[in-house]
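Here are the chains, one letter per residue:
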Amino acid sequence: MFDTLRQDYRRNRDPLVRLVLTVFRFGQWTVARRTPIRRLCTLPYKVLNLVVIRLGTNSDLPRELSCGPGLRLFHPYGLVFHRDARLGRDVSVYHQVTIGRRDHSGEPQIGDGVTLGAGATVLGPVVVGRGAKIGAGATVLDDVPPGGRAIGPRAQVTGVRQGERRADSDHGTPLLAGG
């Protein structure tokens, strides 16, 4: 735990970020091996997690999350990571990032040296390759190759047949059916 935390500290100078990472790594330590000492540390971890991470930064960093050393958090606010997601070494994360399930098909795997921009969302059984960059506000639903870039939102409209339109009764503008 201490070696991993040292590597995290090297990449993060902000005291709040260091506090968040300390609580997160302490939680990972309590869940790594279920010894009596670690079980006793579970309650203090849960209190620290609630106060520092959940209430203090409005984030969800579950202790079960598999995360390599060197995690860099630029702003630790609004982070939501699924407990079964996997993050590699030296991953950089900006604020408001979500890494989670899209349905019950699986969780993302983030490679070493990946950068996730502010507001990025990575959902489903996606593999983000080593050194890839996910742009701010991007929604990633497909694999990103090593060194690749994923930018821009991705939205698909489904359930509307070609040519079906109806008039919006309030404004007289045509809308797609179902809108």
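These figures come from a predicted structure and were not determined experimentally.

**A word on the confidence of the model for the protein chain**
For step 1, the next point in the chain: Averaged over all residues, the pLDDT of the protein chain is 86; the fraction at 70 or higher stands at 86%.
For step 2, the next point in the chain: Overall, residues 175-179 carries pLDDT values under 50, and its contacts beyond four positions in sequence, including any with other chains, amount to 12 contacts.

**Regarding the packing of helix 1 (residues 2-11) against helix 2 (residues 15-32)**
For step 1, the next point in the chain: As a packed pair, helix 1 and helix 2 sit with axes 10 Å apart at the nearest point and diverge in direction by 160 degrees. Our classification of the angle between helix 1 and helix 2 gives roughly antiparallel. Pair helix 1 / helix 2 crosses with right-handed handedness. Residues Thr 4, Leu 5, Asp 8 and Tyr 9 of helix 1 pack against Arg 18, Leu 21, Thr 22 and Arg 25 of helix 2.
For step 2, the next point in the chain: Counted by class, the contact of helix 1 with helix 2 contains 3 nonpolar, 2 polar and 3 charged residues.

**Comments concerning the packing of aromatic side chains**
For step 1, the next point in the chain: Tallying each qualifying case throughout the model produces 3 aromatic pairs.
For step 2, the next point in the chain: Ring centres of Phe 74 and Tyr 94 lie 4.1 Å apart, and the angle between their planes is 10 degrees; on these two criteria the pair is classed as stacked. Placement of Phe 74 in the loop between strand 2 (72-73) and strand 3 (80-81) and of Tyr 94 in the loop between strand 5 (92-93) and strand 6 (98-100) is noted, with a sequence separation of 20 residues between them.
For step 3, the next point in the chain: The exposure class assigned to Tyr 94 is partly exposed, which follows from its relative accessible area of 27%.
For step 4, the next point in the chain: Ring-pair connections join several aromatic residues into one group, and the members of that group are Phe 26, Trp 29 and Tyr 45.
For step 5, the next point in the chain: Of note, Arg 18 hangs over the ring of Tyr 9, and the distance from its end group to the ring centre comes to 4.7 Å.

**Side note on the side chain of Arg 38**
For step 1, the next point in the chain: Considering the arrangement of structural elements, one finds Arg 38 in helix 3 (residues 36-40).
For step 2, the next point in the chain: Despite its burial, Arg 38 pairs with no opposite charge; the closest candidate is Glu 64, at 13 Å N-O.

**Describing the sheet that holds strand 9 (residues 121-123)**
For step 1, the next point in the chain: An order of 3-6-9-12 is seen for the 4 strands of this open sheet, with the pairing classed as parallel. This sheet does not close on itself; its edge strands, each paired only once, are strand 3 and strand 12 (139-140).
For step 2, the next point in the chain: The pairing of strand 9 with strand 12 spans 2 bridges and is classified as parallel. Bridge assignment links Thr 121 to a residue of strand 12, and that residue is Thr 139.

**Points about the sheet that holds strand 1 (residues 66-67)**
For step 1, the next point in the chain: An order of 1-4-7-10 is seen for the 4 strands of this open sheet, with the pairing classed as parallel. Bordering the open sheet on either side are strand 1 and strand 10 (127-128), each of which pairs with just one other strand.
For step 2, the next point in the chain: Here 2 bridges tie strand 1 to strand 4 (residues 86-87), and the two strands are oriented parallel to one another. In the sheet register, Cys 67 faces strand 4, and the bridge partner there is Leu 87.

So, how was this worked out
Each chain carries its own residue numbering, running from 1 in the direction its sequence is written. For this predicted model, a pLDDT threshold of at least 70 governs which residues receive local features, and a threshold of 80 or more governs which side-chain atom pairs are given and counted, while totals over whole chains, interfaces and linings are taken from all residues. Based on all heavy atoms of the structure, the side-chain values leave hydrogens and waters out of the count. Along the chain, pLDDT gives the predictor's confidence residue by residue, from 0 to 100. We call two residues in contact whenever any of their non-hydrogen atoms come within 4.5 Å of each other. Helix axes are fitted only over the stretch in contact, all axes being lines through C-alpha atoms; the angle between N-to-C directions runs from 0 to 180 degrees. In this text, helices come from DSSP runs of H or I with a minimum length of four residues, and strands from runs of E with a minimum of two, each type numbered from the N-terminal end. When describing relative orientation, an angle under 35 degrees is termed roughly parallel and one over 145 degrees roughly antiparallel, while 65 to 115 degrees is termed roughly perpendicular and anything else oblique. Two helices that cross are described as forming a left-handed crossing if the nearer one is turned anticlockwise from the farther one by less than a right angle, and a right-handed crossing if clockwise. Each residue is assigned to one of three groups, with Ala, Val, Leu, Ile, Met, Phe, Trp, Tyr, Cys and Pro labelled nonpolar, Asp, Glu, Lys and Arg labelled charged, and all others, Gly among them, labelled polar. Two rings from Phe, Tyr or Trp (for Trp, the six-membered ring) form a pair when their centres are within 6.5 Å of each other. A pair whose planes differ by under 30 degrees is stacked, one over 60 is edge-to-face, and the rest are tilted. When a residue's accessible area, from a 1.4 Å probe over protein chains only, is under 20% of the maximum for its type it is buried; when over 50% it is exposed; and in between it is partly exposed. Sitting over a ring, as applied to charges here, requires NZ of Lys or CZ of Arg to be within 6 Å of the ring centre and within 35 degrees of the ring normal. Think of it this way: Lys and Arg go in the positive column, Asp and Glu in the negative one, and His and the chain ends go nowhere. Just to be clear on terms, a salt bridge is a Lys or Arg side-chain nitrogen sitting within 4 Å of an Asp or Glu carboxyl oxygen. In this scheme, strands are said to pair when DSSP sees at least two bridges between them.

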